[in-house]
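# Report on the structure
As a plain string of letters, each chain reads:
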Amino acid sequence: QVQLVESGGGLVQAGGSLRLSCAASGRAFGGYAMAWLRQAPGKGREFVAGIRWSGTTYYGNSVKGRFTISRDNAKNMVYLQMNSLKPEDSAVYYCAADESPVFGTPSGYSYWGQGTQVTVSS
């Protein structure tokens, strides 16, 4: 089992920045690929960014060039640095983990956090 806890969400003005954190515990963090996904009210879940154990990263088209995913394997942490935020980035952001996910899809992860709300005002 892997437990995931997100933090760092909040209210920010358009153009601002936020940094989300995801703390992993339980089974060895090593070997797991990690991802951030989001879901806005009335919309389906959307892949935001993913990172493999090796550090290889993947991004959804809507966040490329603005968001950066990173991980600290020694601390069992994953981060999402969000810059140039837009109102359409408002959503609940989830951290997810899986041994071999298909990045880009909104499902297929074995473990999920409870989510953290990000609200971007215009």
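Before reading further, recall that the structure is shown in the block above.
Since the structure is predicted, the reported quantities are computational estimates derived from the model, not experimental observations.

The rules behind the values
- Residues numbered from 1 in each chain as written.
- Predicted model: local features only at pLDDT ≥ 70, side-chain atom pairs only at ≥ 80, totals over all residues.
- Heavy atoms only, no water.
- Pairing = 2+ DSSP bridges.
- Helix = DSSP H or I, 4+ residues; strand = E, 2+ residues; numbered from the N terminus.
- Axes fitted to C-alpha atoms, helices over the stretch in contact; angles between N-to-C directions.
- Buried < 20%, exposed > 50% of the residue type's maximum accessible area, 1.4 Å probe, protein only.

## Considering the sheet that holds strand β8 (residues 77-82)
The strand order across the open sheet formed by four strands is β1-β3-β8-β7, and the pairing between neighbours is antiparallel. Each edge of the open sheet carries a strand with a single partner, namely β1 (2-7) and β7 (67-72). Neighbouring strand axes in the sheet, compared pairwise and without regard to direction, differ in orientation by 15° on average. The pairing of β7 with β8 spans six bridges and is classified as antiparallel. Each bridged residue has a counterpart across the sheet, and for Asp72 the counterpart in β8 is Met77.

## Quick notes on the pairing of strand β4 (residues 33-39)
Along β4, six of the seven residues are buried, which leaves the element largely enclosed by surrounding structure. One ladder, built from five bridges, connects β4 with strand β5 (residues 46-51); its direction is antiparallel. Considered in β5, the bridge of Ala35 is made with Gly50. Between β4 and the antiparallel strand that follows it, β5, lie six residues; Gly42 among them carries a positive phi value of about 75°.

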